[in-house]
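Structural features, examined
Okay, here's what each chain looks like letter by letter:
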Amino acid sequence: MRRKFSKELGRLARQLERECGAYEHRAAGSRHEVREAFQFLRDARDNRFESDLLRREPYWSFYLEFALSGLTSGDCTTYVSYLDGKPVAVLFGLTSGDQFHAVLIGFDAERFGKYSVGMQIIYRVVKQRFERGFRRFDMGLGNTGYKSHFRAEETPLHNLTRASSLKGPVFSLVYHYAKPLKNALKRLTPQLR
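Report follows, based on the coordinates.

This part is about the environment of Met139. Positionally, Met139 belongs in the loop between strand 5 (136-138) and helix 6 (168-177). On the basis of relative accessibility, which here comes to 13%, the residue Met139 falls in the buried class.

Take a look at the structure:
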């Protein structure tokens, strides 16, 4: 990470702690903490993303149950930034060997946005994991602006399809090459990704 940016995050963390109370970053360690973190995550994302998947019960239940099972399986981890014992940011992701794959993030932008609590949790989790010898942190798809602070390497993604009907090749062609049409279809049917 760029030294100037990590120093700024440190300054913001100290300021937040000075003005608002004890500031802690750690993995949720109990079913109660995971449930509390996921309720916070759902509430925080609800105000930011109009078509967020966590608004729909099947997705909400799936992610919550997976996070709860991760406490014993180790397949996933729910990281939480606490301010005076209450969540202000949550980062949920899949874990495998020395890798972490970020899947969901939410933070209290309304009350603590000026302290960059969303960026803080990413930075603190990356730092904790790298200090423990892990070397890969996948930030997932999406906005690359904030990722540039971490000197991230972009990994190209490829989408392969196989047609199993006569209509399949046509839909495959549209999916891969008609970006404007694809974007319009995504707006009309937001449940499709």
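Once that is clear, we can look at the packing of aromatic side chains. By convention here, two paired aromatic rings are described through the distance between centres and the angle between planes. The tally for this structure, following the rule as stated, stands at 8 aromatic pairs. An angle of 80 degrees between the planes, with centres 6.2 Å apart, marks the rings of Tyr63 and Phe92 as edge-to-face. Remark: Phe92 occurs in strand 3 (residues 86-96) and Tyr63 occurs in helix 3 (residues 57-73); sequence separation between them is 29 residues. Judged by relative accessible area, Tyr63 falls into the buried class, the value being 17%. Here the aromatic residues Phe38, Trp60, Phe62, Tyr63, Phe66 and Phe92 are joined through ring pairs into a cluster of three or more. Directly above the ring of Trp60 sits Arg42, whose terminal nitrogen or CZ lies 4.2 Å from the centroid. Against the face of Phe134 rests Arg129, its NZ or CZ located 4.3 Å from the ring centre.

Another point: unusual backbone geometry. Not every positive phi belongs to a glycine, and Asp84 is a case in point at roughly 50 degrees. By secondary structure assignment, the location of Asp84 is in the loop between strand 2 (76-83) and strand 3. Phi is positive for Ser116, which is not a glycine, with a value near 55 degrees. Turning to its location among the elements, Ser116 is positioned in the loop between helix 4 (109-112) and helix 5 (117-131).

What follows deals with the side chain of Glu33. Within the secondary structure layout, Glu33 lies in helix 2 (residues 31-46). Residue classification places Glu33 among the buried residues on the basis of a relative accessible area of 16%. A polar contact of 2.6 Å, which involves the side chain of Glu33, links it to the backbone nitrogen of Gly29. Not counting residues up to four positions away in its chain, the partners in contact with Glu33 are Arg26, Ala27, Ala28 and Tyr82.

Before going further, it helps to examine the sheet that holds strand 1 (residues 23-27). The mixed open sheet is built from 5 strands, whose spatial order is 1-2-3-4-5. Where the open sheet ends on each side, the last strands, each with one partner, are strand 1 and strand 5. Recorded for the sheet is a direction-independent mean angle of 25 degrees between the axes of neighbouring strands. As judged from the 8 bridges shared by strand 3 and strand 4 (residues 99-107), these two strands associate in the antiparallel manner. Counterpart to Leu91 in the pairing with strand 4 is Ile105. Packed onto the sheet, helix 5 meets strand 1, strand 2, strand 3, strand 4 and strand 5 and runs at close to 45 degrees relative to strand 3.

What follows is about the environment of Val125. Relative to the elements of secondary structure, Val125 occurs in helix 5. On the basis of relative accessible area, Val125 is assigned to the buried category, the value being 2%. Taking the C-alpha atoms as reference points, Val125 and Ala27, separated by 98 residues in sequence, lie 8.9 Å from one another. With residues up to four places along the chain from it excluded, the contact list for Val125 reads Tyr79, Leu91 and Phe137.

Between helix 1 (residues 3-20) and helix 5, the least distance of the axes is 10 Å, while the angle of their chain directions is 115 degrees. The two elements helix 1 and helix 5 meet at a crossing, and its hand is left-handed. In this structure, helix 1 contributes Phe5, Ser6, Leu9, Gly10, Leu12, Ala13 and Leu16 to the contact, and helix 5 contributes Val117, Met119, Gln120, Tyr123 and Arg124. A class-by-class count of the residues in the contact of helix 1 with helix 5 yields 8 nonpolar, 3 polar and 1 charged.

Thresholds applied
The numbering scheme is per chain: residues are counted from 1 as the chain's sequence reads. Where local features are concerned, this predicted model is filtered to residues with pLDDT of at least 70; where side-chain atom pairs are given and counted, the filter is 80 or more; whole-chain, interface and lining totals use all residues. Side-chain descriptors were evaluated using all non-hydrogen atoms of the structure, hydrogens and water having been removed beforehand. In DSSP terms, a helix is any run of H or I states spanning at least four residues, a strand is any run of E spanning at least two, and both are numbered starting from the N terminus. Exposure categories follow from relative accessible area, calculated using a 1.4 Å probe and restricted to protein chains: below 20% of the type maximum is buried, above 50% is exposed, and the middle band is partly exposed. Side-chain rings of Phe, Tyr and Trp (the six-membered ring for Trp) are treated as a pair once their centres are within 6.5 Å; stacked means planes under 30 degrees apart, edge-to-face means over 60, and tilted covers the remaining angles. For a ring to carry a charge above it, either NZ of a lysine or CZ of an arginine must fall within 6 Å of the ring centroid while also lying within 35 degrees of the normal to the ring plane. For the purposes of these results, a polar contact is taken to be a pair of N or O atoms within 3.5 Å, where, inside protein, one atom must be able to donate a hydrogen and its partner to accept one; residues adjacent in sequence count only when each atom of the pair is a side-chain atom. By the convention used here, residues are in contact when the closest approach between their heavy atoms is within 4.5 Å. Two strands form a pair only when DSSP identifies at least two bridges running between them. The axes are straight lines fitted to the C-alpha atoms, using for helices just the contacting stretch, and the angles between their N-to-C directions are given from 0 to 180°. Crossings are assigned a handedness: left-handed for a near helix turned anticlockwise from the far helix by less than a right angle, right-handed for a clockwise turn. For this classification, Asp, Glu, Lys and Arg are treated as charged, while Ala, Val, Leu, Ile, Met, Phe, Trp, Tyr, Cys and Pro are nonpolar and the rest, including Gly, are polar.

That's the geometry; what it means functionally is another story.
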